[in-house]
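Topology and contacts: notes
Chain by chain, the residues run as shown.
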Amino acid sequence: MAAWSRMGRGAQLSQSLSRIVSEGGGALPAEATFALRGAAAISRGRGQHASSLHSLAFAGIAGRSAAAGGHLLQPPSRSIGTTTTRLHPASSAAVAAELYSDAETREPEAVVAPPRHMPSLGPTKPAEKPRLVVLGTGWAACRLLKDVDTRAYDVVCVSPRNHMVFTPLLASTCVGTLEFRSVVEPVSRIQSALATHPGSYFFLANCTGINTKAHEVYCTAAASDGLPSDPYHFKIAYDKLVIASGAEPLTFNIKGVKENAIFLREVSHAQEIRRKLLTNLMLSENPGLSEEEKKRLLHCVVVGGGPTGVEFSGELSDFIMRDVRERYAHVKDYVKVTLIEANEILSSFDVGLRQYATNHLSKEVKPTEITLCDGTCVPYGLLVWSTGVGPSEFVKSLDLPKSPGGRIGVDEWLRVPSAPDVYALGDCAGFLEQTGKPVLPALAQVAEREGKYLARMLGKVAAQGGSKAHCAGKAELGEPFVYKHIGSMASVGRYKALVDLRENKHAKGVSMAGFLSWVMWRSAYLTRVVSWRNRFYVAVNWATTLVFGRDNTRIG
């Protein structure tokens, strides 16, 4: 059906071009006639290339358009312009070669380079405020957006999601302790300028490339049928750029992980886990299932002994002990949770050692079982993978210096040394070796403090007149960024938690476990939730769960 639609659009394009030229008077030029014939032939023959007919047919009539003075694409409103494009003549031979090579020999490409001419948010003028472009809506990016001085900068945020996720409480949403909206905050509420100021915008898109020499970022909008083209590409000029695009879950190239395991990084992951868990509970009650099949369906395996894996296991344990035993009495004795880890301090090692440990732990992940390196097969109904994070494909593709582990390399002021006016922070950034500082762990408190520091530093730069592109060279940046660990907390279920407020494991300080630690854990997270709206949601959800139990409704 899609192919017929594309062929129809190709035929309509040929007819439209014929009318456009004929309205100008006279016959079609030879190049235009040739291009239109080729366009019609391809639209009849191969619909998959109809989308490329625009540039080819326009090239054929370029000679006539140029004679009439050319045609300039007019920029839309609200300062988001379309890069001026003038049509250039093309020979019939060149048009023919491109037409028939596309129609007969060209194969679809996995990665498409941004077109030469695309809609753009152009460079700022001298009288305008400088533009700060932020890539991402994670902890680092959102803290920066919250604290940045919008009187000194126009802010543009680019991200494939329009909200921040309060990740420490994400595990609670998987079993119904909290509702999903309780752990998310729209980015426009974190920084209202994105929705109200004329020069500030939020774009639902992925950044696909950066040109540090031209001070431009190239983006692809989220897939949608409502845009003129899919994919829809555009570019943004920046005065200052902050890369805070986050990281991706590590799979260590273990076969079957991406296809069969569920990660726990986004709200969509939590929704998938909750749906799968409730589905398995209900399916296990069907008649005719063997004992082994019931045990497999209700076996929940968590790979990774970090905070995310431990807290999810704790929430799952609470859900089983209190709710499953009451509402799924027929299968309550079949439910089992297994936490698989290489050793108890796995998360404190660097990426290389984590990979070594995980490779010696898991060999292959199949749809219904995970095979360990000792040959043991562990059947499962739900598999959650939580072995840490590493650099994303986008970060790997950037031609920027890298720190140990593959993150974007930064100096003590979070600047990317080889790229003027570019900063990186959060899980995608790490100190370069020449700074003498270790790469910081991928923790929310690290990212949040980096965002707070950079917002303050950018304010200092703006106060010294260095906020425009290429103008920050002589600005006084102040003290370099210094991170001090304030401790860690993790819930282990059954109203118990672990609290470690020491700066490191060898330092002195508070280290405790039990009910009092659980109270401290809940109090700390309640105060750290982004907004008062979310604090209210979380408090109400906790109270509702305490009184009525967790919601086990399966939706979708």
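Before reading further, recall that the structure is shown in the block above.
Description of the structure in this document. Treat the numbers as computed from the prediction; the structure is a model and nothing was measured.

Here the focus is the sheet that holds strand E24 (residues 511–514). Within a sheet, neighbouring strands are paired by backbone hydrogen bonds and run either parallel or antiparallel to one another. With antiparallel pairing, the three strands of this open sheet are ordered in space as E22-E23-E24. Because the sheet does not close on itself, it has two edges, and the strands there are strand E22 (488–493) and E24. The sheet shows a mean angle of 10° between the axes of neighbouring strands, direction not considered. In this sheet, E24 lies alongside strand E23 (residues 496–500) in antiparallel orientation, the contact comprising four bridges. Its bridge partner being in E24, leucine 498 is matched across the sheet by alanine 513. Sitting on the sheet, helix H17 (residues 515–528) touches E22, E23 and E24, and the angle it makes with E24 is about 105°.

Below, the discussion takes up the pattern of salt bridges. Overall, the coordinates contain 21 salt bridges when judged by the stated rule. The residue glutamate 216 makes a salt bridge to lysine 235 at a minimum N-O spacing of 3.8 Å. Of the two residues, glutamate 216 sits in strand E8 (residues 216–221) while lysine 235 sits in strand E9 (residues 233–237), which places them 19 residues apart along the sequence. The residues glutamate 216 and lysine 235 share a single accessibility class, namely buried. Among the salt bridges present, the one from aspartate 551 reaches arginine 274, with a minimum N-O distance of 3.6 Å. Of this pair, aspartate 551 sits in the segment after helix H18 (532–548) while arginine 274 sits in helix H11 (residues 267–283), placing them 277 residues apart in sequence. What makes aspartate 551 partly exposed here is its relative accessible area of 32%. Classification of arginine 274 by relative accessible area gives buried; the value is 7%. Each of the salt bridges in this network shares a partner with another, and the network as a whole consists of Arg143, Asp147, Glu448 and Arg528.

Parameters at a glance
- Residues numbered from 1 in each chain as written.
- Predicted model: local features only at pLDDT ≥ 70, side-chain atom pairs only at ≥ 80, totals over all residues.
- Heavy atoms only, no water.
- Pairing = 2+ DSSP bridges.
- Helix = DSSP H or I, 4+ residues; strand = E, 2+ residues; numbered from the N terminus.
- Axes fitted to C-alpha atoms, helices over the stretch in contact; angles between N-to-C directions.
- Contact = heavy atoms within 4.5 Å.
- Salt bridge = Lys/Arg side-chain N within 4 Å of Asp/Glu carboxyl O.
- Buried < 20%, exposed > 50% of the residue type's maximum accessible area, 1.4 Å probe, protein only.

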